[in-house]
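Letter by letter, the chains look like this.
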Amino acid sequence: MAPDVSGDGVARWNGWLLWGVVLMDMFAVGLVVPLLPYYATNLGADAAAYGTIGSVYGLLQLIGNPLIGRLSDIYGRKTLLAVSCAAAAISYFVLGVAPTLTVLILSRIPVGICKQTMSLSYAYIGDCTEPAHRAAQIGYVGTAVGLGFIVGPAAGGILSAYNYTLPAVVSSVVFVILFFVCLLYLADPVPTSRQPTVTPTTIATATIPTTTSNTTDYDASLVASNVAKRTLVSEQDNSYLMTAWMRVAEYFRFVAQVFRHPALLYLASIELVSNLSLTAYRSVFPLINQQTFGLDAKWNGFLLSYIGLLSVLVQGIFIRQLTKHFKESALIRTSVVLVGLSLVACSLTSSLWTLAVFLIPLTVFSGVLNTCILSAVTQEAPKADLGATVGVLGSMASICSALGPGLGGFLMAVSGPTGPGLYGGLLSVLVGMALFVHGTDAVMHMD
């Protein structure tokens, strides 16, 4: 089901169109994902170099996300969605025909910085959807992501049987089509009447409501720091750059305040450790399968599609049932341990069928862990700063995306294909055991 951003026919059409853009975007990305280790290794990259390429891409995403988001505030979501698709079209075509490893690395720069389709799509929905319906519309977009990543890797694997270049070229063609769809048919969203109008010239002063119940020192200092008047931006005096730096400084002050809150520091630390372990393994997962089981791109694609299907089932079935019957703090402790044990089992197995079985608990409990941590953060964070606090948690994932591939490639180069899953899994198990020994109820207040 596609997002219905409004009741009128034009907005309904845009909702379906956006849903289709996200679906085909993830399908096109999925076409190439199983091929990345083969492109790199065929050009002379070892495990460490392959991991470094992944970390460079993650770092570029970390830089590009706020940049493209800010440009979309100024020039419109539609325009930047088109730019995102154009950058992907160029990058994936160059990736497919790259004659050297240097060209392959350079091909990741445009897509790393400019391809921010998901964040732009969520911002598009936020612009023209009432708050009461926003979560449901974002959920529909999440369905498109899941469907695209189920079909894409399998299709890419099949196409690679004919020619390794073909999936990247087809992906590029899909993004060219999406570029024209966004540019010619997708309308720029019109913000709902309940949302304030913000322009580069004027930034409204923000005040944060104070709370009267259970106000901690953290809450008081946080509120005090955030009720400060925002600087008005004048196009005439060209002070946007100074304002941007002031916002960066304010953001880091806010991060420091978040980490003074024991429960939020606790949750962010779990998120960082577990996500880094998972990212280090997942980023080199196709390369591990290539070396351990001799899988070609076709079968790696099928395996990635299988994981995509498991992820959709986790979101639709397992998480809802588990959170209904167990406390979130207990699920967090248990999931950290089970994710670690699953990583160790996946890394040590010598059978492809056994790997497929061990991927089930890994996918289930990593999904449960991420969901429960996010839910716990929404309960622990001050309501006035909930969005920013969730953003800080999201930055943990971005950091892991930048560091994880390099770490995974390094561990694989040093310890072989078992290294990333084995060491990451053992780290998660140790953290989980520490959580059971020390407990979480004294830190968190949701029980």
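1. A closer look at the overall build of the chain
Then, number 1: Helix and strand counts for the chain stand at 17 helices and zero strands.
Then, number 2: Buried positions account for 45% of the 447 residues belonging to the chain.
Then, number 3: For the chain, contacts bridging at least 24 residues in sequence account for 82% of all contacts bridging at least 6.
Then, number 4: Carbon and sulfur atoms form 69% of the exposed surface of the chain, whose accessible area is close to 20800 Å².

2. What about the side chain of Ser 305?
Then, number 1: Assignment of secondary structure puts Ser 305 in helix H13 (residues 297-325).
Then, number 2: The exposure class of Ser 305 is buried, given its relative accessible area of 8%.
Then, number 3: With near-sequence residues (within four places) excluded, Ser 305 lies in contact with Phe 149, Ile 150, Val 151, Pro 153 and Ala 154.

3. Some details on the confidence of the model for the chain
Then, number 1: Confidence in the prediction for the chain averages 75 pLDDT; 71% of positions are at 70 or higher.
Then, number 2: For the chain, helix H9 (residues 217-226) is the element with the lowest average pLDDT, namely 40, and helix H8 (residues 165-184) is the one with the highest, namely 93.

4. Some words on the packing of aromatic side chains
Then, number 1: Throughout the structure, instances matching the rule amount to six aromatic pairs.
Then, number 2: Both rings, one in Tyr 92 and one in Phe 175, keep their centres 5.7 Å apart while their planes meet at 20°; by these two values the pair is stacked. Taken as a pair, Tyr 92 in helix H4 (residues 77-97) and Phe 175 in helix H8 lie far apart in primary sequence, 83 residues in all.
Then, number 3: A ring pair is formed by Tyr 281 and Phe 285, whose centres lie 5.6 Å apart and whose planes are at 65°; its orientation type is edge-to-face.
Then, number 4: Judged by relative accessible area, Tyr 281 falls into the buried class, the value being 2%.
Then, number 5: Here the guanidinium or amino end of Arg 108 rests over the ring plane of Tyr 57, the centre of that ring lying 4.5 Å away.

5. Observations regarding the pattern of salt bridges
Then, number 1: Under the defined criterion, the tally for this structure stands at one salt bridge.
Then, number 2: The residue Lys 115 makes a salt bridge to Asp 25 at a minimum N-O spacing of 3.0 Å. Of this pair, Lys 115 sits in the loop between helix H5 (101-114) and helix H6 (117-128) while Asp 25 sits in helix H1 (residues 9-32), and the two are 90 residues apart along the sequence. Considered together, Lys 115 and Asp 25 belong to a single accessibility category, that of buried residues.

6. Some words on a nonpolar patch on the surface
Then, number 1: On the surface, Leu 59, Leu 62, Ile 63, Leu 272, Ile 399 and Leu 403 cluster together into a nonpolar patch covering about 480 Å² of accessible area.
Then, number 2: When contributions to the nonpolar patch are tallied by element, the ones reaching two or more residues are helix H3 (47-75) and helix H16 (386-415).
Then, number 3: The element that contributes the greatest number of residues to the nonpolar patch is H3, accounting for three residues.
Then, number 4: Structurally, the position occupied by Leu 62 is in helix H3.
Then, number 5: Accessibility expressed as a relative area gives 31% for Leu 62, which makes it partly exposed.

7. Some thoughts on H3
Then, number 1: Between its first and last C-alpha atoms H3 spans 40 Å; for 29 residues at 1.5 Å apiece the expected length is 42 Å, and the two agree.
Then, number 2: Listed as buried for H3 are Ala 47, Tyr 50, Gly 51, Ile 53, Ser 55, Gly 58, Leu 60, Gly 64, Ile 68 and Ser 72.
Then, number 3: Count one or two residues on from H3 and you reach Gly 76, which has phi positive near 105°.

8. Digging into the packing of H4 against H8
Then, number 1: Remark: H4 packs on H8, axes separated minimally by 8 Å, with the N-to-C direction vectors making an angle of 165°. Accordingly, the angle class assigned to the pair H4 and H8 is roughly antiparallel. In this structure, the crossing between H4 and H8 has a hand that is left-handed. Across the interface between the two elements, Lys 78, Leu 81, Ala 82, Cys 85, Ala 86, Ala 88, Ala 89, Tyr 92, Phe 93, Gly 96 and Val 97 of H4 pack against Thr 165, Ala 168, Val 169, Ser 171, Ser 172, Phe 175, Val 176, Leu 178, Phe 179, Cys 182 and Leu 183 of H8.
Then, number 2: Class assignment for the residues of the contact of H4 with H8 results in 17 nonpolar, four polar and one charged.

The rules behind the values
Residues numbered from 1 in each chain as written. Predicted model: local features only at pLDDT ≥ 70, side-chain atom pairs only at ≥ 80, totals over all residues. Heavy atoms only, no water. Helix = DSSP H or I, 4+ residues; strand = E, 2+ residues; numbered from the N terminus. Buried < 20%, exposed > 50% of the residue type's maximum accessible area, 1.4 Å probe, protein only. Contact = heavy atoms within 4.5 Å. Areas by Shrake-Rupley, 256 points an atom, 1.4 Å probe, with all protein chains shown as cover. pLDDT = per-residue confidence, 0-100. Phe/Tyr/Trp six-rings, centres within 6.5 Å; stacked < 30°, edge-to-face > 60°. Lys NZ or Arg CZ within 6 Å of the ring centre and 35° of its normal. Salt bridge = Lys/Arg side-chain N within 4 Å of Asp/Glu carboxyl O. Patch = residues over 30% accessible without salt bridge, like charges linked within 9 Å, V, L, I, M, F, W, Y side chains within 5 Å. Expected span 1.5 Å × (residues − 1). Axes fitted to C-alpha atoms, helices over the stretch in contact; angles between N-to-C directions. Parallel < 35°, antiparallel > 145°, perpendicular 65-115°, else oblique. Left-handed = near helix turned anticlockwise from the far one by under 90°. Nonpolar A, V, L, I, M, F, W, Y, C, P; charged D, E, K, R; others polar.

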